[in-house]
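The chain contents come next:
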Amino acid sequence: MMPRALLLATVVAAGCAGSENPKPAPVVTPSLQATTWTAPDAAAEPKKPSTPERSLEALAEDGKTAAAGMRTLKSAQLSGQREVGQELLAPGDADACVRLAFSAGEPVVAQLLDHKGRVLSETPATTDGRLGERGPVCIRRQEAMRVQFASKGDAVVRFVAWTSR
């Protein structure tokens, strides 16, 4: 009986011994059709965030109907990745109510948050909307309020907020 290593070497040697007439390699003929090459997406320029459709001035016009009797609190344009936000009201000496209109370059979820991060008002993902649309969102005098916008990518958001304070 042959040792296993010797048997394996014999089988390998027999398999490697080629015949005198090897099979010819298949002939590949070039295609006559022209091919085009496009650069991969990674080599393309990075995508810039879209500009919101409505200007700050157009959003401010919403105040005449949506926030009648309220004064303008803040208007701003924010941009960033995934989440951007800004404080609207610091703790004060009187209760306050807020309404807000916004326009974004891509769908965002807009939220009004209290000083503990609790959601006071929220919209589904949209490019244009209002917070406090059915009635102003209110806080007590010792509380603060901020607006937060969340998106899947880079976001540019314009907003105007009105207050009763």
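Use the structure listed above.
Parameters at a glance
- Residues numbered from 1 in each chain as written.
- Predicted model: local features only at pLDDT ≥ 70, side-chain atom pairs only at ≥ 80, totals over all residues.
- Heavy atoms only, no water.
- Disulfide = S-S within 2.5 Å.
- Helix = DSSP H or I, 4+ residues; strand = E, 2+ residues; numbered from the N terminus.
- Buried < 20%, exposed > 50% of the residue type's maximum accessible area, 1.4 Å probe, protein only.
- Contact = heavy atoms within 4.5 Å.
- Phe/Tyr/Trp six-rings, centres within 6.5 Å; stacked < 30°, edge-to-face > 60°.
- Polar contact = N/O pair within 3.5 Å; in protein donor to acceptor, adjacent residues only side chain to side chain.

Draft legend 1. Region of the structure containing the state of the cysteines. Taken as a whole and assessed by the stated rule, the structure comprises one disulfide. With a sulfur-sulfur separation of 1.9 Å, cysteine 97 is cross-linked through a disulfide to cysteine 138. Residues cysteine 97 and cysteine 138 share a disulfide whose torsion about the S-S bond is about 100°; that sign makes it right-handed. Taken together, the residues cysteine 97 in strand 2 (residues 96–114) and cysteine 138 in strand 5 (residues 137–139) connect sequence positions 41 residues apart. Relative accessible area serves as the criterion here: at 17%, cysteine 97 is assigned to the buried category.

Draft legend 2. Summary view of the side chain of aspartate 62. Looking at the secondary structure, you find aspartate 62 in the loop between helix 2 (56–61) and helix 3 (63–66). The buried category is assigned to aspartate 62, whose relative accessible area is 12%. Ignoring any residue separated from it by four or fewer positions in sequence, one finds aspartate 62 in contact with Arg54, Ala67, Ala101, Arg130 and Trp162.

Draft legend 3. The packing of aromatic side chains, seen in detail. The full count for this structure, using the stated rule, is two aromatic pairs. Ring geometry for phenylalanine 149 and phenylalanine 159: centres 6.0 Å apart, planes at 40°, overall tilted. Taking the relative accessible area as the measure of exposure, phenylalanine 149 reaches 1% and is therefore buried. Aromatic rings pair up to connect Phe102, Phe149 and Phe159 into one cluster.

Draft legend 4. Quick peek at the side chain of threonine 163. Within the element layout of this structure, threonine 163 appears in strand 6 (residues 145–163). Residue threonine 163 is classed as buried on the basis of its relative accessible area, which comes to 1%. Here cysteine 97 takes part through its backbone oxygen, which lies 3.0 Å from a polar atom of the side chain of threonine 163. Those residues in contact with threonine 163 that sit more than four places away from it in its chain are Met70, Arg71, Leu73, Leu89, Ala96, Cys97 and Val98.

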